[in-house]
Amino acid sequence: MPIEILMPALSPTMTEGKIARWVKKVGDAVRAGDVLAEIETDKATMEVEAVDEGTLAKIVVPEGTENVAVNTPIAVLAGEGEDPKAVAADGGAGRSQNAAAAPQRQVPPEQVVELKGPERAKRDRPSAPAAATAPPAEQEWTGPTKMQTVRDALRDAMAEEMRRDETVFLMGEEVGEYQGAYKVSQGLLQEFGPRRVVDTPITEHGFAGLAVGAAFAGLRPIVEFMTFNFAMQAIDQIVNSAAKTRYMSGGQMGCPIVFRGPNSIASRVAAQHSQEFSSWYAHVPGLKVVAPYFAADAKGLLKAAIRDPNPVIFLEHELVYGQSHPVPDTDDWIVPIGKARVVRPGEHVTIVAFSRMVDLALQAAEKLAAEGLNAEVIDLRSIRPLDVETIVASVKKTNRIVSVEEGWPFAGIGAEIAATMMEQCFDYLDAPVRRVCGKDVPLPYAANLERLAVPQVPDIVAAAKDVAYR
Amino acid sequence: MTKSSGATLRSEAPEPHREERDDLIAAHKTMLLVRGVEERLARLFADGEVPGFIHLSIGQEAIAAGVAAVLRREDTIASTHRGHGHALAKGVSLEGFFQEILGRATGVCRGRGGSMHVADMSVGMLGANGIVGAGIPLAVGSALAHQIRKTGGIAVAFFGDGSLAEGVLHESLNLSALWKLPVLFVCENNGWSEFSPTSKQFVANIVELGRAFGIDGERIDGNDVAAVMTAAGRHAAAARRGDGPRILECMTRRVRGHFEGDPQRYRNDTDAGPDADPIVRSQRRLLELGVGEQELARMQNEVESAITAAVEAARKAPLPDIADAAGDVYTRKAA
C-alpha cells in the first residue's frame, strides 16, 4: 500500500514549517533512516528521516514552499512491489505515515520500542509494554493519619500484605530471629513463623535465584538484601531471570517478586557499602524501580510492589529509616507505582529528587524561598516507570529544572531526565538542565571527603540559582 | 535395571520383565526423537535456516530420556544451553519446539526465546538457560514451591560439568540441603567445559562435593538409559518422599562441538569406544528383549516423519507480529 509522508512536527509547539530542500528525488529508493528532506522553522533546520522503505513516487510539496502545516502530506512512497508511477498517478491514496524527525512522541522513550527491518512498514508503532499505560490514579487520603517511622511503615506494609495473601513471604539474611539487620522486619517472625519469614545463609546469588524460581511457580517472595551493595552478587538472577523471563517465554511465566533493602549512601561505611543503584536497575526492561522518601509512600508503594505481578526493585535508605512522617491510618493504603508527586509547589524552578534527596531538596527550597525563588519540588518516588508527565508539566510552568541524586553522574537518573527534557520540552527550557549528583569517585571514608562526595543542600541551592541565572 | 537385576527379573518375574521392556521402548523412542531433532537442527543450521547458537546434546540423549521417564507432569525441570533433549523429553510439543527455534509466532515462547530459552510451563519446563549454572537455583526455588504447596512434585536441575566451578551451584547445594528441598541435581558430565577439559577447571567431583553438604548421590554411566532410569527413579523417589536433595552424575560424551560450527581443534578424543552411543546400546538391548528389527525401523521412520512434518509446519508458520514486539515486558495481570 502506498504511504503518504506527512509534514512532521519538529517540536511539540511547531505548527508549520518550510520545506528547505528535497534530498531524495522522485524514483529514488528509500530505506528506513534515509534522509528525505530538510525542513526549517524559525528555530531550527532539521533532516527528515524515512520511517518506511520504498520508492519515492511523488513529491506533493515542492522545495522552497513555506508555511506547510504539520501533518500535511508532502510526498508519497510506493511500497515494495508497487509501481511508483501508478502510485503517483493514483494520488497516493493509502495509509499516512509521519516521517521520523524531531521527537514528537508524547510518551517517555522507555515505553517505545524501536524496530528495524522491512516489516516496520506494516504498522505505525508497536504496542507499548503494559507498564506504559497510565498507572491507576492515586487515592486522596482525607482520613486520620499517624506519625510513623519509615522503618515501621515498611514493616506494616509487609505484615498487611502477608495477612492478605498467604503466598507472600519474606526471605533474606537475618530477617527472622535477628529481626532484620536494620530492624525493618521486627515482629514478623513472631506473627508469621519461620516458613514465611525465612532466614537465609549469606548467599545472595543462591537465594535470589531460588526466590525467582519460587516466583515462577506463583509464590510472591519479598527478598531483603541486607544492603543493595550485596545484591551485585545476585544481579544475574535479577536481570537475566527475573526481568527477562516473561518476555523470553512469550508471556508464559511471570515473576511477582520484590527485591528490597537499603540502597545508596549511609554514613562513614566507605566505598563498598555506599552505592546508589537506581540507574543500574532502571536500565532494565522488565524491572520496575521505586525509591520513596516519605513513610506514607514507603508503605503504599511497598504494598503496591508486593501486589504487582512484575519484579520490583524497592530501594530504601538507611538514613531515612528512623524519620517519622504522617501515614494514613488504614491497612489499605496503596500508592501506585509510576506516579511522582509535587511535594512543594513553586513557579520559578523545578527540582526533581528521590529517596533521601527529597529531604535535601525541600531544605534547599526553603533557602531559595528566602531569596525570592520559589522552587517546585517533585518527589519522583518511582524511577521506572518514570512519571515524565508530571515533570514536563512542571517544567512548562517553571522553564528550569535541576535533578538531584546521590548516585554517580555518568548515565545516571539525572542524565535520563536531561535527555527526556530535551526530547519533550525543549522549547520550554530557558536554561540547560542541571544535575546535582554524587561525585564521580568511589565514596571516600574520611568525614570531610565523604561530605564533599555526597550532594548537600548548598549544592542544590547553587544549581537552582544557576538555572535561574541568579 | 542393571544387567544382573534384569536377568533376575526375566527368570523370576515375567510381569516386571514386560514393564521393563515397555519402559525401555518408551525411552528409546524419546532418544530417537531427540537425536532426530538435533540432527535436523544441525542440517538447518548448516543451511543457514537456523541462526545464532545451537548447542547439541547428540550422544547425551540417555540422560534426558532416562530422567524424564521417572518424572510426572507436575514435576519441574530447569535446563541449560544444551537443553533440547530435556525440553522434548519433558513433553514440549515437537511442533511448538521447531516453531520456536525457527522464530515463529506459534513457537512455545512465541518466537521470543529461541534455542537457549525454550520454556513450556504447561509441562513443567522452566526453561533452557543461556547462562552457565543459572538454571540451578531456579530449580531449587521451584522445589521450594513444591514443598510449600505440598504438590508432591519435585524439581530437577540439569547442568553440565562446565558449571561445577560456578559458585551458584555450591550455593544451591547448600540451600537445598539446609531446607531439605525436593530437588534432584543431574550433572551431565561430558568432560568438556566449553573448549577446555573439565579436569583443567574443577578439582573435586560433584558426588563428593554433595557428600560435603550431606547430599546422597552417585555417579552412573549416563549412556545407559536403563541405568539412568533406575538411578533417577530411586533418587527422585527419595526427594519426593521428603528425604531432601539428591545428586546424579551421569558420565557421557559430547559428540559435537560446544556449539554447531565449533571446529574443535582443541579435541583429540575422537575415539569414542564401542559403548559410547546410547541409542546403539539401547537398540541392542531391545533386540535382546525380543523387539524386532522391523519394529525398530518403524520407530525410526515414525520419528523421522514427525520431525519432517514439524519442520514443514514451522516453515509455514507466521512470523511474530511486530505490533506485539513490546508485549510481555510487563504485565498488568495478577500473577
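Residues numbered from 1 in each chain as written. Chains lettered and ligands numbered in written order. Predicted model: local features only at pLDDT ≥ 70, side-chain atom pairs only at ≥ 80, totals over all residues. Heavy atoms only, no water.

### Details of the pattern of salt bridges
Okay, so step 1: Summed over all chains, the structure comprises 45 salt bridges over all chains.
Okay, so step 2: Asp156 of chain A serves as the salt-bridge partner of Arg155 of chain A, at 2.9 Å between the closest nitrogen and oxygen. Take Arg155 of chain A and Asp156 of chain A: they sit in the same class, and that class is buried.
Okay, so step 3: For the salt bridge of Arg35 of chain B with Glu61 of chain B, the shortest nitrogen-to-oxygen distance reads 2.5 Å. Note that Arg35 of chain B is positioned in helix α2 (residues 14-46) and Glu61 of chain B in helix α3 (residues 61-68), a separation of 26 residues in sequence.
Okay, so step 4: Arg35 of chain B gets classed as buried once you look at its relative accessible area, which sits at 12%.
Okay, so step 5: Where salt bridges share partners, they join Glu160, Glu161, Arg164, Lys299, Lys303, Arg307 and Asp332 of chain A into one cluster. (Salt bridge = Lys/Arg side-chain N within 4 Å of Asp/Glu carboxyl O. Buried < 20%, exposed > 50% of the residue type's maximum accessible area, 1.4 Å probe, protein only. Helix = DSSP H or I, 4+ residues; strand = E, 2+ residues; numbered from the N terminus.)

### Comments concerning the sheet that holds strand β14 (residues 258-263) of chain A
Residues and elements named next belong to chain A.
Okay, so step 1: Ordered in space as β12-β11-β13-β14-β16-β15-β21, the seven strands form an open sheet in which the pairing is mixed. Two strands in the sheet have a free side with no partner beyond their single neighbour: β12 (197-199) and β21 (382-384). Within the sheet, the average angular offset between the axes of one strand and its neighbour, ignoring direction, is 20°.
Okay, so step 2: As paired strands, strand β13 (residues 220-224) and β14 are joined by three bridges and run parallel to one another. Across the sheet, the residue bridging to Ile222 is Val258, located in β14.
Okay, so step 3: Together, β11 (168-172), β13, β14, β15 (288-290), β16 (312-317) and β21 form the strand contacts of helix α8 (residues 295-307), whose direction differs from that of β16 by roughly 155°. (Pairing = 2+ DSSP bridges. Axes fitted to C-alpha atoms, helices over the stretch in contact; angles between N-to-C directions. Contact = heavy atoms within 4.5 Å.)

### A closer look at the sheet that holds strand β7 (residues 68-69) of chain A
Residue and element names in this part refer to chain A.
Okay, so step 1: Overall, antiparallel pairing links the four strands, which are arranged β5-β4-β2-β7 in an open sheet. A single partner strand is all that each edge strand has here, and the edge strands are β5 (45-49) and β7.
Okay, so step 2: Both strand β2 (residues 16-22) and β7 contribute to a ladder of two bridges, which runs antiparallel. In the sheet register, Glu16 faces β7, and the bridge partner there is Ala69.

### Notes on the pairing of β11 of chain A
All names here are of chain A.
Okay, so step 1: Counted residue by residue, β11 has five buried out of five residues, so it is predominantly covered.
Okay, so step 2: Alternating residues of β11 divide into Val168, Leu170 and Gly172 and Phe169 and Met171, and every residue in both groups is buried.
Okay, so step 3: Pairing between β11 and β13: five bridges, direction parallel. Among the inter-strand pairings, Leu170 is bridged to a residue of β13, identified as Ile222.
Okay, so step 4: Where β11 meets β12, three bridges bridge the pair, whose relative direction is parallel. Paired with Gly172 across the strands is Asp199, a residue of β12.

### Quick look at helix α10 (residues 388-398) of chain A
All names here are of chain A.
Okay, so step 1: Every buried residue belonging to α10 is among Val388, Thr390, Ile391, Val392, Ser394, Val395 and Thr398, and all of these are buried.
Okay, so step 2: On its buried face, α10 is in contact with β18 (341-344), β19 (349-353), β20 (375-379), β22 (401-404) and α11 (413-425).
Okay, so step 3: Remark: Asn399 follows α10 within two positions and exhibits a positive phi of approximately 65°.

### Quick notes on the packing of aromatic side chains
Okay, so step 1: Following the criterion strictly, the structure yields 15 aromatic pairs over all chains and no others.
Okay, so step 2: A ring pair is formed by Phe225 of chain A and Phe259 of chain A, whose centres lie 5.8 Å apart and whose planes are at 15°; its orientation type is stacked. Of the two residues, Phe225 of chain A is situated in the loop between β13 and α5 (235-243) and Phe259 of chain A in strand β14; the sequence distance between them amounts to 34 residues. Across the pair, Phe259 of chain A and Phe225 of chain A agree in class, each one buried.
Okay, so step 3: Pairing Phe277 of chain A with Tyr281 of chain A gives two aromatic rings, centres 6.4 Å apart and planes at 45°, and the pair type is tilted. No difference in accessibility class separates Phe277 of chain A from Tyr281 of chain A, as the two residues are buried.
Okay, so step 4: A connected cluster of aromatic rings, assembled from ring pairs, spans Phe207, Phe225, Phe228, Phe259, Phe277, Trp280 and Tyr281 of chain A.
Okay, so step 5: Of note, Arg268 of chain A hangs over the ring of Tyr445 of chain A, and the distance from its end group to the ring centre comes to 4.5 Å.
Okay, so step 6: Above the plane of the ring of Tyr247 of chain A lies Arg112 of chain B, whose end atom (NZ or CZ) is 4.3 Å from the centre. (Phe/Tyr/Trp six-rings, centres within 6.5 Å; stacked < 30°, edge-to-face > 60°. Lys NZ or Arg CZ within 6 Å of the ring centre and 35° of its normal.)

### Quick word on the nonpolar core
Okay, so step 1: The biggest cluster of nonpolar side chains holds 143 residues, and the ones touching the most others in it are Phe225, Phe259, Leu380 and Met421 of chain A together with Phe98 and Ile206 of chain B.
Okay, so step 2: Ranked by the residues each element gives to this core, the list is headed by α2 of chain B, at 11 residues.
Okay, so step 3: When sequence neighbours within four positions are dropped, the list of residues in contact with Leu380 of chain A reads Lys339, Ala340, Val352, Ala353, Phe354, Leu386, Ile391, Ile413 and Ile417 of chain A. (Core = buried A, V, L, I, M, F, W, Y, C linked by side-chain atoms within 4.5 Å.)

### With respect to the interface of chain B and chain A
Frequently, the measure chosen for interface size is the accessible area that the parts lose on association.
Okay, so step 1: Of the residues lining the interface, 44 residues belong to chain B; the matching set on chain A comes to 58 residues.
Okay, so step 2: Taken together, the two surfaces of chain B and chain A that pack against each other cover about 4,200 Å², and 65% of this comes from carbon and sulfur.
Okay, so step 3: It is Ile322, Tyr330 and Arg332 of chain B in chain B that bury the most area against chain A; as a group they hold 18% of the surface buried on that side.
Okay, so step 4: The tally of links from chain B across to chain A stands at zero salt bridges.
Okay, so step 5: Our enumeration of links across chain B and chain A arrives at 18 residue pairs in polar contact (both at pLDDT 80 or more). (Buried area = accessible area lost by both parts, 1.4 Å probe. Polar contact = N/O pair within 3.5 Å; in protein donor to acceptor, adjacent residues only side chain to side chain.)

### Things to note about the side chain of Arg260 of chain A
All names here are of chain A.
Okay, so step 1: Locating Arg260 in the fold gives a position in strand β14.
Okay, so step 2: Judged by its relative accessible area of 0%, Arg260 falls in the buried class.
Okay, so step 3: A distance of 2.8 Å separates the side chain of Arg260 from the side chain of Glu224, its partner in a polar contact.
Okay, so step 4: Among residues more than four places away in sequence, those in contact with Arg260 are Met158, Leu170, Val184, Ile222, Val223, Glu224, Phe225, Phe228, Leu302, Phe314, Glu316 and Tyr321.

### A look at the packing of helix α9 (residues 357-370) of chain A against helix α13 (residues 457-467) of chain A
All names here are of chain A.
Okay, so step 1: The interhelical angle for the contact between α9 and α13, taken along N-to-C directions, is 55°, at an axis separation of 8 Å. Taken together, α9 and α13 sit at an angle that is classed as oblique. The handedness of the crossing between α9 and α13 comes out as right-handed. Here Leu360, Ala361, Gln363, Ala364, Lys367 and Leu368 of α9 lie close against α13, whose contacting residues are Val457, Ile460, Val461, Ala464 and Lys465.
Okay, so step 2: For the contact of α9 with α13, the class distribution of residues is eight nonpolar, one polar and two charged. (Parallel < 35°, antiparallel > 145°, perpendicular 65-115°, else oblique. Left-handed = near helix turned anticlockwise from the far one by under 90°. Nonpolar A, V, L, I, M, F, W, Y, C, P; charged D, E, K, R; others polar.)

### Here we look at a nonpolar patch on the surface
Residue and element names in this part refer to chain A.
Okay, so step 1: Nonpolar side chains collect at one region of the surface, where Met232, Trp280 and Trp408 lie side by side and expose about 270 Å² of accessible area between them.
Okay, so step 2: Residue placement: Trp280 occurs in helix α7 (residues 278-282).
Okay, so step 3: Judged by relative accessible area, which is 34%, Trp280 ranks as partly exposed. (Patch = residues over 30% accessible without salt bridge, like charges linked within 9 Å, V, L, I, M, F, W, Y side chains within 5 Å. Areas by Shrake-Rupley, 256 points an atom, 1.4 Å probe, with all protein chains shown as cover.)

### With respect to the environment of His84 of chain B
All names here are of chain B.
Okay, so step 1: Position of His84 relative to the elements: it lies in helix α4 (residues 84-90).
Okay, so step 2: The exposure class of His84 is buried, given its relative accessible area of 1%.
Okay, so step 3: Through-space distance from the C-alpha of His84 to that of Ile54 is 9.5 Å; in sequence the pair is 30 residues apart.
Okay, so step 4: Discounting residues that sit within four places of it in the chain, His84 has contacts with Glu38, Leu41, Ile54, His55, Leu56, Phe97, Ile101 and Ser115.
Okay, so step 5: One polar contact links His84 to Glu38, side chain to side chain, over a distance of 2.9 Å.

### Digging into the confidence of the model for chain A
Okay, so step 1: Per-residue pLDDT for chain A averages 88, and the proportion of residues at 70 or more is 87%.
Okay, so step 2: Below a pLDDT of 50 lies the segment residues 91-133 of chain A, which in the model reaches 108 contacts outside its immediate sequence neighbourhood of four places, other chains included. (pLDDT = per-residue confidence, 0-100.)

### Some details on the pairing of strand β8 (residues 246-251) of chain B
All names here are of chain B.
Okay, so step 1: Buried residues dominate β8, accounting for five of its six residues.
Okay, so step 2: Strand direction decides the pairing type here: strand β4 (residues 183-189) and β8, joined by six bridges, are parallel. Paired with Val186 across the bridge in β8 is Leu248.
Okay, so step 3: Where strand β7 (residues 216-221) meets β8, six bridges bridge the pair, whose relative direction is parallel. Directly across from Asp221, in β8, lies its bridge partner Met251.
Okay, so step 4: Handedness of the crossover joining β7 and β8 through helix α9 (residues 225-241): right-handed. (Right-handed = clockwise from strand over helix to strand, strands pointing away.)

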